[in-house]
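Breakdown of the fold
One-letter residues, chain by chain:
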Amino acid sequence: MAPTGSERFPKTARLRKRPQFLNLSRTGSKFQSAHFVVISKTNDAIESRLGITVSGKVGNSVVRNRIKRQVREFFRRHRAELPQATDFLIIARSGAATLAGELIASELERAMMPARRAQRIS
């Protein structure tokens, strides 16, 4: 099934340049979960953007690309629920390779949604 207009993942919703990644990692606020590090910061754009980093330590290219696909899919489907005009950088840790798609989605939901994050920290 093709994504609807609000569920698409256009180039404007992606962090694409190295300076964008570096700026976000230096100045953004971090939240760590068991298998992911989520760094977020408000941006000057009107929409939320996503950057994904999965190092070679996580697994081979098949594993890394599977994780990236599942993170993109989560972001694409939940973008309307996320804070607007916010950049997100998702860094996968080595244990992420063992997670099924539903577990990746639930962990990212806890890490990226501000209301759920406030509940967990309290």
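Structure first, text after, so check above.
Residues numbered from 1 in each chain as written. Predicted model: local features only at pLDDT ≥ 70, side-chain atom pairs only at ≥ 80, totals over all residues. Heavy atoms only, no water.

A few points about the overall build of the protein
Of the regular secondary structure elements, the protein holds 4 helices and 4 strands. Secondary structure of the protein in N-to-C order comes out as α-β-β-β-α-β-α-α. Among the 122 residues that make up the protein, the fraction classed as buried is 38%. Contacts in the protein between residues at least 24 apart in sequence constitute 78% of all its contacts with a sequence separation of at least 6. For the protein, the exposed area adds up to about 7200 Å²; of that, 51% sits on carbon and sulfur atoms. (Helix = DSSP H or I, 4+ residues; strand = E, 2+ residues; numbered from the N terminus. Buried < 20%, exposed > 50% of the residue type's maximum accessible area, 1.4 Å probe, protein only. Contact = heavy atoms within 4.5 Å. Areas by Shrake-Rupley, 256 points an atom, 1.4 Å probe, with all protein chains shown as cover.)

Topic: the environment of Arg66
Assignment of secondary structure puts Arg66 in helix α2 (residues 61-78). Between the C-alpha atom of Arg66 and that of Gly101, which follows or precedes it by 35 residues, the distance is 9.2 Å. Apart from residues lying up to four places away in sequence, Arg66 is in contact with Ala96, Ala97, Leu99 and Ile104.

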